[in-house]
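Single-letter residue listing:
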Amino acid sequence: ARRRNYRVITNINNYTIESIVMLMTGHALSVITTSYFQRLYEDQKITISNNERIKANFDILNSMNDIYESINLIDFINNDVSRFNPLKHVIDKIPLQKKMRLKLDEELKNQIMSSQVEEFLEFTDLSTLQSRLTNQKIISNEFLSTLTGWFRIQYISLEANKEDGIPKKVIHTIQNINEQK
């Protein structure tokens, strides 16, 4: 009888140990799963917030597109140019090279009145833009195209170094001003 009781106690102990191990494993799995779903939920909230911010930025760019024929963001920190394309609702990025002009400016160069070509080339030279825009919010100039008439090019400082006023991010716009002239 004692031997039988010993087997029963041993079987109960084995079941108890197995139950405790399974309980601990189940608890660990539930903690890991809960943590995973909490992170997933937080990531989803961040993604939704970012999408809303991007949509708001596109809405702003779309409203600007009614005024300007061309909108570009020149980023001297990342050395790239972002061109807003309202038809595709995308921003195309191209690398910025110090001795370059924006593609649109290069195309416009051939349409400028011959008396303004040199001034146009100086104004659209990106290698000197930061020094010309230092401690200023905006610089602009007006030119006469042989095809489309008068237009204004503007460089607007978005972000600048606080110490020296050198712009880090600049918006480049082109606006048709025939009606104003």
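In this report, the structure presented in the accompanying data block is examined. (Residues numbered from 1 in each chain as written. Predicted model: local features only at pLDDT ≥ 70, side-chain atom pairs only at ≥ 80, totals over all residues. Heavy atoms only, no water.)

**Looking at the environment of Val81**
Phase 1 of the analysis: One can find Val81 in strand 2 (residues 80-85).
Phase 2 of the analysis: Separated by 91 residues in sequence, Val81 and His172 place their C-alpha atoms 9.7 Å apart. (Helix = DSSP H or I, 4+ residues; strand = E, 2+ residues; numbered from the N terminus.)

**Remarks on unusual backbone geometry**
Phase 1 of the analysis: For Asn79, which is not glycine, the phi dihedral falls at a positive 55°.
Phase 2 of the analysis: Within the fold, Asn79 resides in the loop between strand 1 (70-75) and strand 2.
Phase 3 of the analysis: A positive phi angle, close to 60°, is found at Asn135, a residue other than glycine.

**Regarding the packing of aromatic side chains**
Phase 1 of the analysis: Tallied over the entire structure, the rule returns five aromatic pairs.
Phase 2 of the analysis: Where Tyr36 meets Phe37, the ring centres are 5.3 Å apart and the plane angle is 70°; that geometry is what we call edge-to-face.
Phase 3 of the analysis: Seen from their ring centres, Phe143 and Phe151 are 6.0 Å apart, and the 40° between their planes marks the pair as tilted. Residue Phe143 shares its accessibility class with Phe151, and that shared class is buried.
Phase 4 of the analysis: An aromatic cluster of three or more residues is present, and its members are Phe120, Phe123, Phe143, Phe151 and Tyr155.
Phase 5 of the analysis: The ring of Phe123 has Arg132 sitting right over it, with the charged end atom 5.5 Å from the ring centre. (Phe/Tyr/Trp six-rings, centres within 6.5 Å; stacked < 30°, edge-to-face > 60°. Buried < 20%, exposed > 50% of the residue type's maximum accessible area, 1.4 Å probe, protein only. Lys NZ or Arg CZ within 6 Å of the ring centre and 35° of its normal.)

**Overview of the nonpolar core**
Phase 1 of the analysis: Core analysis: the biggest nonpolar cluster contains 18 residues, and Ile74, Leu129, Phe151, Ile153 and Tyr155 have the highest contact counts within it.
Phase 2 of the analysis: The set of elements that each furnish at least two residues to this core consists of helix 3 (117-123), helix 4 (129-133), strand 4 (138-145), strand 5 (149-160) and strand 6 (167-176).
Phase 3 of the analysis: Examining the composition of this core, we find that three residues originate from one element, strand 5, more than from any other. (Core = buried A, V, L, I, M, F, W, Y, C linked by side-chain atoms within 4.5 Å.)

**Some words on the pattern of salt bridges**
Phase 1 of the analysis: For the structure shown, the criterion picks out three salt bridges.
Phase 2 of the analysis: A salt bridge links Glu42 to Lys45; the nearest nitrogen and oxygen atoms lie 3.7 Å apart. Placement of the pair is Glu42 and Lys45 together in helix 1 (residues 2-65), with a separation of three residues, close to one helical turn.
Phase 3 of the analysis: Residue classification places Lys45 among the partly exposed positions, given a relative accessible area of 40%. (Salt bridge = Lys/Arg side-chain N within 4 Å of Asp/Glu carboxyl O.)

Nothing here speaks to function; it is all geometry.
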